[in-house]
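Observations on the three-dimensional arrangement
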Amino acid sequence: MTETVSLGMAVVGLGLFLYAMQQLEVALEHLISGPVARWMHSATRTPLRCVGVGCLVTAMMQSSSLVGLIVLALVSSRMLTLRQAMAIMLGANLGTTATGWLVTLLGFKLSLGSAGLPLAGIGALLAVLLPAGRWRSQGLLLFSFGLLLFGLDTMKTATEGLAQGVDVSALQGHSPLVYLLVGVAVTAVIQSSSATMLIALTALNSHMLSLNDSLALVIGADLGTTSTLLLGAIKGPRIKRQVAMFHVIYNLGTALLAFLLLMPLWSTVAMRSGIEDPLVLLVGFHSTFNALGIVVFLPLLGRMAAFIEARLPAAPRPMLLESVRPETLDAALELLASACENLVTSVRQLALAFTNGDSAEHFLQGYRDVRDEEIRLALAFQKLEQLPMNAAQVKCIRRLRLQISESVYAAKALKDVANDFSRLSRSRSSRLAPVAVRVREGLQAVFAEGADAPDEETHHQAMSAMHELAYRHLQAASDDGISLLNLAREVDECGRHWLRATRVSAPSAFVPP
């Protein structure tokens, strides 16, 4: 009877721990996932920094699964490259070992279980009474942390009682491969390697499992986390499946490294280090083999990315933002602002190349490319507008739309007279030579950068002078098949649209909702 009660309490403790971890993820997702996504997008310039970001973010959010899903969202939104995502996942595996250290130090060494219920009660009260938003999420965070401590203490106490009344020899003595497979299965079912680590720690603490058995169990737990990314990559662009494929290869390679090389040597490492606490040895093993995985795989990221891309090639022209989660909205806006700026730059370069002698055919092909990119951006805008946004984000999208539309209108105005401009540039009429020079210089002034760019008044004066010149040479232009007045009007219109486009700038920072 006592054994049944202990087993039941152990299950209750595990249930409380799992629920607390789930609510902790929800609270952290509301509080910091938006800034985390922006930070991932902006602070991942080198592979080593990507590893550091992945490790730190996972340690903060206490969930490699949640970090993995955020990475998938950023990758599918084209805010991270495959290689950056791979490096972040390396760091995430190391960062998730922080949970084991936290559980060991707080749950088993300091015995804070008695503080769990008061913390949970205070947090629940705050979550109910405070208004929705960050304050309520902070209350949920406190409730989750308190419940986690209480669940951990319940499970620890129950397993200690269970070990005293049950013959634990039946759980011991199996092949390490069996414990590894059990770790994979348990983690895949409950979708939490942290919970599997808790099971291993409590079983080791109550002497239900030996240290060697527990080592194999946590290796399996790391391997079992691949199921989360595999499920998350079923839908969406192929690059998500590329990341999931790397995650499987990396975790499989790290598991083999730990199981075949490090695990047989760990007893020697423990003896030489002088550490006798089996719990510390277990979490130390978990951290060590994940750190070794980074050392082995980090130099191979380039080759692995090429290998994966060859087996799972991405679409030749993917959508700009194929999948966006609410917590990655600000990072998506930064990416979209960058893409809009690139389009503006493309229009400027296209126009300047045309005024410097590029062919009308090449300009018209470039214009078609600009229109294709405008469509991609419009589809991205539509996707973002389906998500809840705050006032700053709405204002940013309006400005970006205006910037793009004015830039494309400028290109269209030039496109409409591309043939006339080309004929004027090639004309051998001495009477039209000064007109050609004036039109060319007017366009080059409009598309100049920085301090050389004219203001609206300067542009108006220049266009007025060009119109007067055009009126004096209408017949000569007509003889060469050039509609000079239409050319002058469209050049003026091109400049007006372009100057409006360059006055538009997206906000440099966004306020999370």
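Residues numbered from 1 in each chain as written. Predicted model: local features only at pLDDT ≥ 70, side-chain atom pairs only at ≥ 80, totals over all residues. Heavy atoms only, no water.

**What to know about the overall build of the protein chain**
The number of helices and strands found in the protein chain is 22 helices and zero strands. Counting across all 513 residues of the protein chain, residues that qualify as buried make up 49%. Across the protein chain, the fraction of contacts at a sequence separation of at least 24, relative to all contacts at a separation of at least 6, is 81%. Accessible area of the protein chain: about 23100 Å², with a carbon and sulfur share of 61%. (Helix = DSSP H or I, 4+ residues; strand = E, 2+ residues; numbered from the N terminus. Buried < 20%, exposed > 50% of the residue type's maximum accessible area, 1.4 Å probe, protein only. Contact = heavy atoms within 4.5 Å. Areas by Shrake-Rupley, 256 points an atom, 1.4 Å probe, with all protein chains shown as cover.)

**Comments concerning the pattern of salt bridges**
A pair can form between side chains of opposite charge whenever their charged atoms are brought close. Within the structure shown, the criterion is met by ten salt bridges. Put simply, Glu-449 and Arg-348 hold a salt bridge, and the shortest N to O gap is 4.0 Å. Of this pair, Glu-449 sits in the loop between helix H19 (433-446) and helix H20 (456-472) while Arg-348 is found in helix H15 (residues 329-355), placing the two residues 101 residues apart along the sequence. Note on Arg-348: relative accessible area 12%, which makes it buried. When the shortest N-O distance is used, the salt bridge between Arg-500 and Glu-406 registers 3.4 Å. In this pair, Arg-500 is assigned in helix H22 (residues 484-503) and Glu-406 in helix H17 (residues 391-416), connecting sequence segments 94 residues apart. On the accessibility criterion, Arg-500 (30% relative accessible area) is partly exposed. Because the salt bridges share partners, they merge into one network encompassing Lys-412, Lys-415 and Asp-416. (Salt bridge = Lys/Arg side-chain N within 4 Å of Asp/Glu carboxyl O.)

**A closer look at the environment of Gln-365**
Looking at where Gln-365 falls in the secondary structure, it is placed in helix H16 (residues 360-385). In this structure Gln-365 comes out as partly exposed when scored by relative accessible area, which is 36%. For the pair Gln-365 and Leu-350, spaced 15 residues apart in sequence, the C-alpha separation works out to 10.0 Å.

**Focus on empty space enclosed by the protein**
All chains considered together, the criterion is met by three cavities of 30 Å³ or more. Its volume calculated, the second largest cavity comes out at about 40 Å³. Lining the second largest cavity, in full, are Thr-96, Thr-99, Gly-100, Ser-193, Ser-194, Met-197 and His-286. Broken down by secondary-structure element, the contributors of at least two residues to the lining of the second largest cavity are helix H5 (97-109) and helix H9 (193-205). Sort the elements by how many residues they give to the lining of the second largest cavity and H9 lands first, with three residues. For the lining of the second largest cavity, the residue count by class is one nonpolar, six polar and no charged. (1 Å grid on protein atoms, 1.4 Å probe; cavity = no way out; pocket = protein on both sides within 12 Å on 5 of 7 lines; lining within 4 Å. Points joined across faces, edges and corners; volume = space filled by probe spheres on them. Nonpolar A, V, L, I, M, F, W, Y, C, P; charged D, E, K, R; others polar.)

**Looking at the confidence of the model for the protein chain**
Confidence in the prediction of the protein chain, expressed as mean pLDDT, is 79, and 77% of residues score 70 or more. Element-level mean pLDDT values for the protein chain span from 64 in helix H1 (residues 2-42) up to 92 in helix H13 (residues 278-297). Low confidence marks residues 506-513, where pLDDT is under 50. Its contacts with residues over four positions away, or in another chain, come to 18 contacts. (pLDDT = per-residue confidence, 0-100.)

**With respect to the packing of aromatic side chains**
In total, this model carries seven aromatic pairs according to the counting rule given. For the ring pair Phe-246 and Tyr-250, a centre distance of 5.9 Å and an interplane angle of 10° mean the geometry is stacked. With Phe-246 and Tyr-250 both in helix H12 (residues 238-273) and four residues apart, the pair spans about one turn of that helix. Exposure remark for Phe-246: the relative accessible area of 0% places this residue in the buried category. A network of ring pairs unites the aromatic residues Phe-246, Tyr-250 and Phe-297 as a single cluster. (Phe/Tyr/Trp six-rings, centres within 6.5 Å; stacked < 30°, edge-to-face > 60°.)

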